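Reading the structure
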Amino acid sequence: VQLVESGGGLVQPGGSLRLSCAASGFTFSNYAMSWYRQAPGKERELVAIIHSTGGVTNYAASVKGRFTISRDNAKNTVYLQMNSLKPEDTAVYYCSRSNPQYWGQGTQVTVSS
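Keep in mind that what you see is a predicted model, and the values were worked out from it rather than measured. (Residues numbered from 1 in each chain as written. Predicted model: local features only at pLDDT ≥ 70, side-chain atom pairs only at ≥ 80, totals over all residues. Heavy atoms only, no water.)

The next thing to look at is unusual backbone geometry. For the bond from Asn 99 to Pro 100, the omega torsion is -5 degrees, close enough to zero to count as cis. In this structure, Pro 100 sits in the loop between strand 9 (91-97) and strand 10 (102-103). Its identity as a non-glycine residue notwithstanding, Asn 76 has a phi of 55 degrees, on the positive side. By the element assignment, Asn 76 lies in the loop between strand 7 (67-72) and strand 8 (77-82). (Helix = DSSP H or I, 4+ residues; strand = E, 2+ residues; numbered from the N terminus.)

Here we take up the state of the cysteines. Taken as a whole and judged by the stated rule, the model has one disulfide. The disulfide partner of Cys 21 is Cys 95, and the S-S distance across this bridge is 2.1 Å. Torsion about the S-S bond of the Cys 21 and Cys 95 cystine: about -75 degrees, corresponding to left-handed handedness. Taken together, the positions of Cys 21 in strand 3 (residues 17-24) and Cys 95 in strand 9 put the pair 74 residues apart, joining distant regions of the chain. When sorted by exposure, Cys 21 lands in the same class as Cys 95, which is buried. (Disulfide = S-S within 2.5 Å. Buried < 20%, exposed > 50% of the residue type's maximum accessible area, 1.4 Å probe, protein only.)

Here we come to the packing of aromatic side chains. Enumeration over the complete set of coordinates arrives at four aromatic pairs. With centroids separated by 4.8 Å and ring planes inclined at 70 degrees, the aromatic side chains of Tyr 36 and Trp 103 adopt a geometry described as edge-to-face. With Tyr 36 in strand 4 (residues 33-38) and Trp 103 in strand 10, this pair connects stretches of sequence that are 67 residues apart. Note on Trp 103: relative accessible area 35%, which makes it partly exposed. Their ring planes at 85 degrees and their centres at 6.3 Å tell us that Tyr 94 and Trp 103 sit as a pair that is edge-to-face. Relative accessible area serves as the criterion here: at 14%, Tyr 94 is assigned to the buried category. Linked through ring pairs, Phe 26, Phe 28 and Tyr 31 together constitute an aromatic cluster. Across from the ring centre of Tyr 94, 3.8 Å away, lies the NZ or CZ of Arg 44, which sits over that ring. (Phe/Tyr/Trp six-rings, centres within 6.5 Å; stacked < 30°, edge-to-face > 60°. Lys NZ or Arg CZ within 6 Å of the ring centre and 35° of its normal.)

Rendered as structure tokens:
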């Protein structure tokens, strides 16, 4: 199993970023996929999850209405569109598959003026 995140970077408050996670080594369309984040000195937290068909999504309260998780099963890729970014969104963002759980290497998102 391999999960490779991309799309992180430095953005000003109020800006947008789109993260991508390319998956390989398993049947992508059979699994729910998630995005987590970990800020310095804090525990890793679940940001968003999307079920295998893409029909059901759930979000942390802190990002609901600003972030959108989606997937393309033909491309074995899951996305996280992040809008109206705030400094408190600064963290390393990780892609994850469950049962058993696998993690990508993470991509840094920094929101700062």
